[in-house]
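Topology and contacts: notes
Here's the letter readout for the chains.
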Amino acid sequence: MTDPRPSWDEYFIKITKQVSERSTCLRRKIGAVLVRDKRILATGYNGAPSGIKHCYEVGCLREAQGVASGERHELCRGLHAEQNALLQAAVYGVAVKGASIYCTHQPCVLCAKMLINAGIKEIFYMEGYPDSLSRDLLNEAGIKLIKLPFDGSKNT
């Protein structure tokens, strides 16, 4: 009999998609899940820091200024999902060295640098992101960047 359960990659990417639903970004909902030994260490989604008004309350600065995706990351109220996952792990004293991360999108260069220094060994993602420097740095650091062939919405 065939095992009807989702593979581990499908399982974690489905959770990542669910995490992204908490995003407060008006442009793109991003989720990230840090995993080691088939156990979730921390999750994160993109949005404004705790106690700061969300973009859906005050509008999107990047949209107002016509900033293209993948550029001028500093012109945003929000933190990226990968950043929030790393910060949540840090706040609760969870070591992430040697972990994998599942992301709805390929990390940007800022997140890639943080993931490199955090000791993440591999990155699974569903959708690309217009940031070739991110891919270059991850490759140079020897971190596997793996595009998953499914979107997390199916049960197989």
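Residues numbered from 1 in each chain as written. Predicted model: local features only at pLDDT ≥ 70, side-chain atom pairs only at ≥ 80, totals over all residues. Heavy atoms only, no water.

Core analysis: the largest hydrophobic core is formed by 20 residues, its most contacted members being Leu34, Val96, Ile101, Ile120 and Ile123. Mapped onto this core, the elements with two or more residues apiece are strand E1 (31-36), helix H4 (81-91), strand E3 (100-105), helix H5 (109-118) and strand E4 (122-127). For this core, the element with the most residues is H4, which contributes 4 residues. Apart from the residues within four sequence positions on either side, Ile101 is in contact with Ala32, Val33, Leu34, Glu82, Leu115, Ile120, Glu122, Ile123 and Phe124. Core analysis: the next-biggest nonpolar cluster, separate from the first, contains 10 residues, Phe12, Val19, Met126 and Leu148 among them. (Core = buried A, V, L, I, M, F, W, Y, C linked by side-chain atoms within 4.5 Å. Buried < 20%, exposed > 50% of the residue type's maximum accessible area, 1.4 Å probe, protein only. Helix = DSSP H or I, 4+ residues; strand = E, 2+ residues; numbered from the N terminus. Contact = heavy atoms within 4.5 Å.)

Over its 13 residues, helix H1 (residues 8-20) runs 18 Å from end to end, which matches the ideal 18 Å to within 8%, given 1.5 Å per residue. For H1, the set of buried residues is Glu10, Phe12, Ile13, Thr16, Val19 and Ser20. Where H1 is buried, its residues touch E1, strand E2 (39-45), E3 and E4. (Expected span 1.5 Å × (residues − 1).)

Applying the stated criterion across every chain, the model contains 3 salt bridges. One salt bridge in this structure joins Asp3 and Arg5, with 2.9 Å as the shortest N-O distance. Given a relative accessible area of 61%, Arg5 falls into the exposed group. Put simply, Arg27 and Glu63 hold a salt bridge, and the shortest N to O gap is 2.6 Å. (Salt bridge = Lys/Arg side-chain N within 4 Å of Asp/Glu carboxyl O.)

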